[in-house]
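Structure assessment
Here's the letter readout for the chains.
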Amino acid sequence: DARDYAGARAAIDAALAIDARSVSSNRLAGNLDFVEGRWANAVSRFRYVAASDPDRQQASYGQLMFWLAQARGGVAHPEYVERTPGEGWPQPLLLYLRGEYTESELLMPIKAGDDADNSQPNTSTDERLCEALYYVGEAYWARGEPKVALDYFTAVVNLRVIYFLEHGLALAEIAKLR
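Each value, and the rule that gives it
Residues numbered from 1 in each chain as written. Predicted model: local features only at pLDDT ≥ 70, side-chain atom pairs only at ≥ 80, totals over all residues. Heavy atoms only, no water. Helix = DSSP H or I, 4+ residues; strand = E, 2+ residues; numbered from the N terminus. Polar contact = N/O pair within 3.5 Å; in protein donor to acceptor, adjacent residues only side chain to side chain. Salt bridge = Lys/Arg side-chain N within 4 Å of Asp/Glu carboxyl O. Axes fitted to C-alpha atoms, helices over the stretch in contact; angles between N-to-C directions. Parallel < 35°, antiparallel > 145°, perpendicular 65-115°, else oblique. Left-handed = near helix turned anticlockwise from the far one by under 90°. Contact = heavy atoms within 4.5 Å. Core = buried A, V, L, I, M, F, W, Y, C linked by side-chain atoms within 4.5 Å. Buried < 20%, exposed > 50% of the residue type's maximum accessible area, 1.4 Å probe, protein only.

**With respect to the side chain of Glu173**
- Mapping Glu173 onto the fold places it in helix α9 (residues 165-177).
- Polar contacts involving the side chain of Glu173 include one to the side chain of Lys176, which spans 2.8 Å.

See the structure below:
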């Protein structure tokens, strides 16, 4: 978030030297690779995260970034790691990237974040909207529409869900686009 990529890289490399199989360290390294446009490294790291995270919901976020890193890196037909998906959020985002949901069809599961029966932590309507705006924006950029992506990233930042990594990633993408 501080845009000290060299310092972040040094800290992540030190963490990976201690435990190269750490899912959380690989996720952070993948995020940094993604922001820096190191697509092959990002794909490799997010493949590992998507396949190895014991929490299927969290693995789904690895799947999202795995797909997007492939798309941004020029892979014509990105794919997901073969794995039983988690239930609930963020599954609609995975379906969106695969072309099985439209943006308008994402609205219902986003709004369901504030339903009384939503028992998933950190998935309120605002939190889901923050994530959806980020991943949809990245999908636009991957399809060659960076100006549209910028609008989505700006909306992410304006939501002010600053404790979500998508907020920091959106800020990094805005800096690159400007």
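**Considerations on the pattern of salt bridges**
- All told, the structure shown has nine salt bridges when counted by the stated rule.
- Here Glu36 makes a salt bridge to Arg9, at a shortest N to O gap of 2.8 Å. Remark: Arg9 occurs in helix α1 (residues 5-18) and Glu36 occurs in the loop between α2 (23-35) and α3 (39-52); sequence separation between them is 27 residues.
- Note that Arg45 is salt-bridged to Asp33, the shortest N-O span being 3.2 Å.

**Quick word on the packing of helix α7 (residues 125-142) against helix α8 (residues 146-159)**
- The N-to-C vectors of α7 and α8 enclose an angle of 165°; their axes lie 8 Å apart at closest approach. Viewed along their axes, α7 and α8 adopt a mutual orientation that is roughly antiparallel. The hand of the α7/α8 crossing is left-handed. Residues Asp126, Leu129, Cys130, Leu133, Tyr134, Val136, Gly137, Glu138, Tyr140 and Trp141 of α7 form the contact with α8, whose participating residues are Pro146, Val148, Ala149, Tyr152, Phe153, Ala155, Val156 and Leu159.

**Focus: the nonpolar core**
- Counting residues in hydrophobic clusters, the biggest one holds 45 residues, and the most contacted among them are Phe34, Met65, Leu97, Tyr134 and Tyr135.
- Within the residue set of this core, elements represented by two or more residues are α2, α3, α4 (56-72), α5 (91-97), α6 (103-111), α7, α8 and α9.
- Broken down by element, this core gets its largest block of residues, nine residues, from α7.
- In contact with Met65, other than residues within four places in its own chain, are Asn31, Phe34, Phe46, Tyr134, Tyr135 and Leu169.

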